[in-house]
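Breakdown of the fold
Given next are the chains, with one letter for each unit.
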Amino acid sequence: MGIFSGRYYPQDVILWAVRWYCRYGVSYRDLEEMLTERGAPVDHTTIYR
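What you see is a predicted model, and the numbers here were worked out from it, not measured in a lab.

**Remarks on the packing of helix H1 (residues 11–24) against helix H2 (residues 28–37)**
As a packed pair, H1 and H2 sit with axes 11 Å apart at the nearest point and diverge in direction by 135°. Taken together, the axes of H1 and H2 lie oblique to each other. Crossing of H1 against H2: the hand is right-handed. Two secondary-structure elements touch here, H1 through Val13, Ala17, Trp20 and Tyr21 and H2 through Tyr28, Leu31, Met34 and Leu35. Residue composition of the contact of H1 with H2, by class: eight nonpolar, no polar and no charged.

**Considerations on the pattern of salt bridges**
Taken as a whole, this structure holds one salt bridge when the rule is applied. Glu37 is paired through a salt bridge with Arg38; the nearest N and O atoms lie 3.9 Å apart. The two residues Glu37 and Arg38 agree in class, both being exposed.

**Remarks on the confidence of the model for the chain**
In the predicted model, the chain carries a mean pLDDT of 80, and 90% of its residues have values of at least 70. Confidence scores differ between elements of the chain, with helix H3 (residues 44–48) showing the lowest mean pLDDT of 76 and H2 the highest of 87.

**Some points on the environment of Val42**
Tracing the chain through its elements places Val42 in the loop between H2 and H3. When the C-alpha atoms of Val42 and Arg29 are compared, they prove to be 9.9 Å apart, with 13 residues separating the residues in sequence. Excluding its chain neighbours within four sequence positions, the residues that come into contact with Val42 are Tyr9, Glu32, Leu35, Thr36 and Ile47.

**Focus: the packing of aromatic side chains**
Working definition: an aromatic ring pair is given by the centre-to-centre distance plus the angle between the planes. Taken as a whole and assessed by the stated rule, the structure comprises two aromatic pairs. Between Trp16 and Trp20, the ring centres sit 5.5 Å apart and the planes meet at 40°, which makes this aromatic pair tilted. With Trp16 and Trp20 both in helix H1, this residue pair falls four residues apart, about one helical turn. The class of Trp16 is partly exposed, set by a relative accessible area of 41%. In this structure Trp20 comes out as buried when scored by relative accessible area, which is 9%. Relative to Tyr28, the ring of Tyr21 lies with its centre 5.1 Å away and its plane at 5°, an arrangement referred to as stacked. Using a relative accessible area of 25% as the deciding quantity, one classes Tyr28 as partly exposed.

Thresholds, definitions, all that
- Residues numbered from 1 in each chain as written.
- Predicted model: local features only at pLDDT ≥ 70, side-chain atom pairs only at ≥ 80, totals over all residues.
- Heavy atoms only, no water.
- Axes fitted to C-alpha atoms, helices over the stretch in contact; angles between N-to-C directions.
- Helix = DSSP H or I, 4+ residues; strand = E, 2+ residues; numbered from the N terminus.
- Parallel < 35°, antiparallel > 145°, perpendicular 65-115°, else oblique.
- Left-handed = near helix turned anticlockwise from the far one by under 90°.
- Contact = heavy atoms within 4.5 Å.
- Nonpolar A, V, L, I, M, F, W, Y, C, P; charged D, E, K, R; others polar.
- Salt bridge = Lys/Arg side-chain N within 4 Å of Asp/Glu carboxyl O.
- Buried < 20%, exposed > 50% of the residue type's maximum accessible area, 1.4 Å probe, protein only.
- pLDDT = per-residue confidence, 0-100.
- Phe/Tyr/Trp six-rings, centres within 6.5 Å; stacked < 30°, edge-to-face > 60°.

This is the structure in structure tokens:
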């Protein structure tokens, strides 16, 4: 059983979000906008969780 099993979003989308958040210190709302522009519509509260 992997660390991403049971998650709604693909592993690469989760890893990109974590990378951007840690590397660039963007807000959850900015991260939501960045992912939406790249075709992964996600709410900022989902990222927070």
